[in-house]
Amino acid sequence: EAFPDIDTNSFGYTIDPEDPYRVWFFMRATGTYTNPIGGPLGNVLKPDGRQYRGSMETWSITFNEELKAKLITAGYVSDRFDNKATTNGKGQTFGIFQTLGLDFPHGVGDGVLQLIQKVSQPLSYTGISPKSWSEAEELPAWWTDVRRGAEP
């Protein structure tokens, strides 16, 4: 809602040669900050019409045998040096916050980000913050990776 004109600008769809149920594609989102973002930050970061141009990201969608989406991977920055991007090389939510002037820690293995996720995860059950990861009992049986959030 904060960027009502957001456009994913996705392109380059291709089927994974090793997994016919997985489709890879690129995205370079754009939008205008015209409505307050949700949560407490919406009271601080007033909409000002600034333009958002995301870093180039690689995404994938994996489908099951019934061709229903079972996994989406997102936000993997493919070109962090794009000088037209407003994200300083960050993807997804971190890139949007960077555009709005908030330089949050990001990336797999970042200790500060891991700490933020561990502190905010319990708060997600109250609705104060979003979930940092899904709990093991919430995951489907085919998901075998034990890493959560920004853990390396």
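## Observations regarding the layout of surface pockets
Of the pockets and cavities examined, the largest pocket occupies roughly 2,000 Å³. Of all the secondary structure elements, the ones that give two or more residues to the lining of the largest pocket are β6 (69-79), α1 (92-99) and α2 (111-124). At seven residues, β6 tops the list of elements feeding residues into the lining of the largest pocket. Its residues placed into classes, the lining of the largest pocket shows 24 nonpolar, 16 polar and six charged.

## Quick word on unusual backbone geometry
Negative phi values dominate among residues other than glycine, just as trans dominates among peptide bonds. Of note in this structure, L67 is not a glycine but carries a positive phi near 60 degrees. With respect to the helices and strands, L67 occurs in the loop between β5 (56-63) and β6. With relative accessibility at 59%, the residue L67 sits in the exposed group. With a phi close to 55 degrees, N88 is a non-glycine residue in the positive phi region. By relative accessible area, which is 59% here, N88 ends up exposed.

## A closer look at the side chain of Q98
Along the polypeptide, Q98 turns up in helix α1. With residues near it in sequence (within four places) discarded, Q98 still touches T86, T87, N88, K90 and D103.

## Describing the side chain of T87
Relative to the assigned elements, T87 resides in the loop between β6 and α1. Look at T87 and you get buried, because its relative accessible area is 0%. Only 2.4 Å separates the side chain of T87 from the side chain of S55, close enough to count as a polar contact. In contact with T87, not counting residues within four places along its chain, are Y52, R53, G54, S55, G95, Q98 and T99.

## Considerations on the environment of G39
For G39, the location among the structural elements is in the loop between β3 (30-32) and β4 (51-53). Along the primary structure G39 and I128 are separated by 89 residues, whereas in three dimensions their C-alpha atoms are 7.9 Å apart.

## Remarks on the sheet that holds strand β2 (residues 19-27)
Strands sit in the order β1-β2-β5-β6 across an open sheet of four strands; the sheet is antiparallel. Looking at the sheet topology across the chains shown, the edges are occupied by β1 (11-16) and β6. Here the strands of the sheet are splayed against their neighbours by 20 degrees on average, with no regard to which way each runs. Strand direction decides the pairing type here: β5 and β6, joined by seven bridges, are antiparallel. Its bridge partner being in β6, T62 is matched across the sheet by L71.

## Notes on the nonpolar core
Formed by A2, F3, A29, Y33, I37, L45, Y52, F97 and L100, the largest nonpolar core amounts to nine residues. Those residues in contact with Y52, other than ones at most four positions away along the chain, are F3, I6, A29, T30, G31, T86, T87, Q92, G95, I96 and T99.

Conventions used here
Per chain, the residues get numbers from 1 upward, laid out in the order the sequence is written. Residue-level local features of this predicted model are given only where pLDDT is at least 70; pairs of side-chain atoms are given and counted only at 80 or more, and the full residue set underlies all totals for whole chains, interfaces and linings. In computing side-chain properties, one takes all heavy atoms of the structure into account and sets aside hydrogens as well as water. Buriedness for pockets is judged along seven lines, at least five of which must meet protein on both sides within 12 Å for an open set on the 1 Å grid over protein atoms alone, while cavities are sets there where a 1.4 Å probe fits but cannot get out, and lining residues have an atom within 4 Å of a point. Grid points are joined across faces, edges and corners, and a volume is the space filled by probe spheres set on the points. The helix count covers DSSP runs of H or I at least four residues long, the strand count covers runs of E at least two residues long, and both are numbered beginning at the N terminus. Basically, the charged four are Asp, Glu, Lys and Arg, the nonpolar ten are Ala, Val, Leu, Ile, Met, Phe, Trp, Tyr, Cys and Pro, and anything else, Gly included, counts as polar. Partly exposed describes any residue whose relative accessible area lies between the buried limit of under 20% and the exposed limit of over 50%, with all areas from a 1.4 Å probe on protein chains only and scaled to the type maximum. Contact definition: two residues touch when any of their heavy atoms are within 4.5 Å. Definition of a polar contact: a pair of N or O atoms within 3.5 Å, with one able to donate and the other able to accept a hydrogen when the atoms are protein atoms, and with sequence-neighbouring residues admitted only if both atoms are side-chain atoms. Note: two strands are recorded as paired if DSSP finds a minimum of 2 bridges between them. An axis is simply a line fitted to the C-alpha atoms; with a helix, the fit covers only the stretch in contact. Between two such axes, the angle follows the N-to-C directions and lies from 0 to 180 degrees. What makes a nonpolar core is a set of buried Ala, Val, Leu, Ile, Met, Phe, Trp, Tyr and Cys residues whose side-chain atoms join them at distances within 4.5 Å.

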